[in-house]
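# Remarks on the overall topology
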Amino acid sequence: MRKYYHLLTLRRSKGFLMSHRRWVHQTSPVEIHRIRHHHQPPPPPQPPSLFSSYGHISRNTYMSRNVFGSNNSIKSIHSTPNHKHYFSQVSTIHTSEIPLCEDESSRLDYSVTVKGREVISAAVTPANEHWLPLSNLDLLLPPIEVGVFFCYKKKNNIDMSTQKVVDTLKKSLAGVLSTYYPLAGEIVQNSHGEPEVLCNNSGVEFVHAHADVEMKDLDLYHPDYSVKGKLVPQINRGLLSVQVTELKCGSMIISCALNHQLSDAYSIGMFIAAWAKYARLEKISNIPSFRPSMFNPRHPPHYETTHDNLYIPITSLPPPSSFEEPLESRMYNVRAESIKHIQSEAKRSKFLSFTAYLWKLLADGSGNDDASTISRMGVVVNGRRFLTQVNEKSPSLFENHYGNALSVPYGVAANSDLKAMQLHEVANMVHGFVAETTNEEHFRGLIDWVELHRPTQAVARIYFGHEKSEGRAVVVSSGRDLPINDMDFGWGKPEFGSFHVPWGSRTGYVATMPSASGNGDWVVYMHLNKKEFDVIEHMAPNVFTPLSVSTLVN
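Since this is a predicted model, take the numbers as computed values, not measurements.

## Brief notes about the overall build of the chain
Assigned secondary structure in the chain consists of 15 helices and 24 strands. By the burial criterion, 58% of the 554 residues in the chain qualify as buried. Counting contacts in the chain only where the partners sit at least 6 residues apart, residues at least 24 apart contribute 83% of the total. A total accessible area of about 22,500 Å² is found for the chain, and carbon and sulfur atoms account for 51% of it.

## Here we look at the packing of aromatic side chains
With the rule as written, the count across this model stands at 22 aromatic pairs. Note on Tyr 181 and Phe 290: the rings are 5.7 Å apart at their centroids and 55 degrees apart in plane angle, and the pair reads as tilted. Placement of Tyr 181 in the loop between helix H4 (162-176) and strand S8 (186-189) and of Phe 290 in the loop between helix H6 (265-279) and helix H7 (306-310) is noted, with a sequence separation of 109 residues between them. Geometrically, the ring pair formed by Phe 354 and Trp 522 is edge-to-face, given 5.6 Å between the ring centres and 70 degrees between the ring planes. One end of the pair, Phe 354, is in helix H9 (residues 350-364); the other, Trp 522, is in strand S23 (residues 522-529), with 168 residues separating them in the sequence. Residue class for Trp 522 comes out buried when judged on its relative accessible area of 13%. Of the aromatic side chains, those joined through ring pairs into one cluster are Tyr 152, Tyr 180, Tyr 181, Phe 271, Trp 275, Phe 290, Tyr 402, Phe 489 and Trp 491.

## Considering the nonpolar core
Formed by 155 residues in total, the largest nonpolar core has its most connected members in Leu 173, Leu 218, Phe 271, Phe 489, Met 526 and Phe 544. Per element, the largest residue contribution to this core is ten residues, and it comes from H9. Not counting chain neighbours up to four residues away, the residues in contact with Leu 218 comprise Tyr 110, Val 213, Leu 231, Leu 247, Ile 253 and Val 549.

## Side note on the pairing of strand S5 (residues 112-120)
Counting buried residues in S5 gives seven out of nine residues, a clear majority hidden from the surface. Relative to strand S10 (residues 204-211), S5 is paired through eight bridges, and the arrangement is antiparallel. The residue bridging Arg 117 from the neighbouring strand is Val 207, located in S10.

## Let's talk about unusual backbone geometry
The phi torsion of most residues other than glycine is negative, and most of the peptide bonds are trans. The omega torsion of the bond from His 299 to Pro 300 falls at -5 degrees, within 30 degrees of zero and hence cis. One can find Pro 300 in the loop between H6 and H7. With an omega dihedral of 5 degrees, the bond running from Arg 454 to Pro 455 counts as a cis peptide bond. Inspection of the secondary structure assignment puts Pro 455 in the loop between helix H12 (440-453) and strand S19 (458-460). The backbone of Asn 201 sits at a positive phi, close to 55 degrees, despite the residue not being glycine.

## Re the sheet that holds strand S15 (residues 374-379)
A sheet is described by the order of its strands in space; here seven strands give the open sequence S18-S15-S20-S22-S23-S14-S24, paired in mixed fashion. Only two strands of the sheet have a single partner each, and these edge strands are strand S18 (410-414) and strand S24 (545-546). The sheet contact formed by S15 and S18 spans five bridges and is antiparallel. When the bridges of S18 are listed, Ile 374 appears paired with Ala 414. H9 contacts S15, S18, strand S20 (472-478), strand S22 (508-514) and S23 of the sheet and is inclined by roughly 160 degrees relative to S15. The strands that helix H11 (residues 423-435) touches are S15 and S18; relative to S15, the one it contacts most, it runs at about 55 degrees.

## Topic: the packing of helix H8 (residues 336-346) against H11
Interhelical geometry of H8 versus H11 gives an angle of 85 degrees and a closest axis separation of 7 Å. Comparing their axes, H11 and H8 come out roughly perpendicular. Of H11, the residues touching H8 (which contributes Ile 342, Glu 345 and Ala 346) are Leu 423, His 424 and Ala 427. Split into classes, the residues belonging to the contact of H8 with H11 amount to four nonpolar, one polar and one charged.

## With respect to H8
Buried within H8 are the following residues: Ala 336, Ser 338, Ile 339, Ile 342 and Ala 346. Projected down its long axis, H8 carries its buried residues within an arc of 160 degrees, all on one side. Facing away from the buried surface of H8 by more than 90 degrees, the exposed residues are Glu 337 and Lys 340. Buried-residue contacts for H8 involve strand S14 (327-334), H9, H11 and S23. Among the residues trailing H8, Lys 347 stands out with phi positive, at a value near 65 degrees.

## Let's talk about the packing of H4 against H6
At their nearest, the axes of H4 and H6 sit 9 Å apart, and the two run at 120 degrees to each other. The handedness of the crossing between H4 and H6 is right-handed. Contacts between H4 and H6 pair Thr 168, Leu 169, Ser 172, Leu 173, Gly 175 and Val 176 from the former with Phe 271, Ala 274, Trp 275, Tyr 278 and Ala 279 from the latter. Of the residues that constitute the contact of H4 with H6, the class distribution is eight nonpolar, three polar and no charged.

## Quick look at the sheet that holds strand S9 (residues 195-199)
The three strands are arranged S6-S9-S8 in an open sheet whose pairing can be described as antiparallel. The open sheet has two edge strands with one neighbour each: strand S6 (130-133) and S8. Adjacent strand axes in the sheet meet at a mean angle of 45 degrees when their direction is disregarded.

## Some points on the confidence of the model for the chain
Model confidence for the chain is summarised by a mean pLDDT of 81, while 77% of its residues fall at 70 or above. Within the model, pLDDT remains below 50 along residues 86-107, and this stretch shows 66 contacts once partners closer than five positions in the same chain are excluded.

## A look at the layout of surface pockets
Here the second largest pocket is characterised by a volume of approximately 1,100 Å³. Considering the residues around the second largest pocket, the lining is formed by 46 residues, among which Val 380, Val 381, Asn 382, Ser 477 and Ser 478 are closest to the centre. Residue assignment for the lining of the second largest pocket shows that the elements contributing at least two residues are H6, H9, strand S16 (381-382), strand S17 (406-407), H11, S19, S20 and S22. Of the residues contributing to the lining of the second largest pocket, the split by class is 30 nonpolar, ten polar and six charged.

## Some details on the pattern of salt bridges
Scanning the model with the defined rule gives 19 salt bridges in all. With a shortest N-O distance of 3.1 Å, Glu 118 and Lys 170 are connected by a salt bridge. Of the two residues, Glu 118 sits in strand S5 while Lys 170 sits in helix H4, which places them 52 residues apart along the sequence. With a closest N to O distance of 3.1 Å, Glu 441 and Arg 298 form a salt bridge. Of this pair, Glu 441 sits in helix H12 while Arg 298 sits in the loop between H6 and H7, placing them 143 residues apart in sequence. Glu 441 gets classed as partly exposed once you look at its relative accessible area, which sits at 35%. Each member of the salt-bridge network shares a partner with another, and the members are Glu 194, Glu 451 and Arg 454.

What counts, and where the lines are drawn
Residues numbered from 1 in each chain as written. Predicted model: local features only at pLDDT ≥ 70, side-chain atom pairs only at ≥ 80, totals over all residues. Heavy atoms only, no water. Helix = DSSP H or I, 4+ residues; strand = E, 2+ residues; numbered from the N terminus. Buried < 20%, exposed > 50% of the residue type's maximum accessible area, 1.4 Å probe, protein only. Contact = heavy atoms within 4.5 Å. Areas by Shrake-Rupley, 256 points an atom, 1.4 Å probe, with all protein chains shown as cover. Phe/Tyr/Trp six-rings, centres within 6.5 Å; stacked < 30°, edge-to-face > 60°. Core = buried A, V, L, I, M, F, W, Y, C linked by side-chain atoms within 4.5 Å. Pairing = 2+ DSSP bridges. Axes fitted to C-alpha atoms, helices over the stretch in contact; angles between N-to-C directions. Parallel < 35°, antiparallel > 145°, perpendicular 65-115°, else oblique. Nonpolar A, V, L, I, M, F, W, Y, C, P; charged D, E, K, R; others polar. Arc of directions from axis to C-beta. Left-handed = near helix turned anticlockwise from the far one by under 90°. pLDDT = per-residue confidence, 0-100. 1 Å grid on protein atoms, 1.4 Å probe; cavity = no way out; pocket = protein on both sides within 12 Å on 5 of 7 lines; lining within 4 Å. Points joined across faces, edges and corners; volume = space filled by probe spheres on them. Salt bridge = Lys/Arg side-chain N within 4 Å of Asp/Glu carboxyl O.

What follows is the structure, given as structure tokens:
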């Protein structure tokens, strides 16, 4: 939890920022050529932060930074007219080695080399630079990054040459950014010290890399070692970063990282599906809506007291614990037959049934029958379909809303009770606390709750707290919006796809996603502690199979 807490309290420190940008190290001077149709005006001056207690809303955090780390110097920046919509970077060296990982004890067995780095801007943008306020629901998200990556096996009957793939991705990215233009901007502060999006088309970093590994040898079972900082980029500028990695076998991995303050999983799915469609020269049918006014508070704002149980101003957060058991990250395959069997016993939807199964499984394996030992289980709820349309003539306003529309309800139970309960009873409990949020009034109340606490930043309560007094916590999120079957850029659908979330909270995190196989299997991405993983693998080995990419590409 300390790392997650620091995102809210210490991110103003430039040293802290740069310590997390060391995945690319290049010491040679770099010259950046800005290739544009027009000159971009400098960003407006920024007011001092009003949130001195948590500096993540600060100019150091959001304004453009030297993307090569603290050991590099930029010689000059030029503006040169050209018909290409990207900045090209010219360096005195052509490749740079990415360190195997930040922790020497977790050194990977393959290296990644950066072959090119450019900044892609939107081909067409709104006429005037402008500021896009974040909605009240956006303001509940800390500045963490959410990544997603897709693995494409080399195909002999389709041109998947490196040049073809890279050119296609860059050209289509410039095109789709014309529709998703805020993603080409950057986060800045408004006069109240709150984050907003400056839509200035400053561009998106595009990394071309080579990994000295074959796809069949990737250890996706341990994504922190094989994916983090290697195959999914970190955001060094703006709101979005993209990376295409060619593997030794000729396969490709396409990935991106987005700032969670503007992008939830549903929004990310919209964007990457539109990007792939644009690459196939098809028309984008679902146009995103960037209208935070749809989430304006009521007059007067009002909310139920239950919102105080789910969210907390950061000024009321307890101090981080001095002892933190580190969380690990693993990925599993859960077969369709297992999901159906769990659902048949839980008698709820597949997702709620799985959530109840996991909660009971962790309680059963806790080894503690003390009635005072409690645990918490949270569920991420997408509120789009529960909000009434602002305009009946535009029914897709909320469906196509780009931004965050989330709530994180949770339940609390004694582990001894969970052990004694049947699975369907636990599932009824999960359904109960989730159902309290699956309505318009809850989300309208949450919008009003944020309004009445502004400008103080707030967060979901389940991500913080003392484990001894409030119980061990896990949050489960449905990744059914991952459009894996739509991720065809012109060389077919991917053999594998997954979200990737570098996690800093002490609270466990689990994401379920559809398998690219299309047979009903799930890919389950988990951040838990070692004891919890031991419980899962010893008590349910037939349900949770360690993910092996070799079984997906053969």
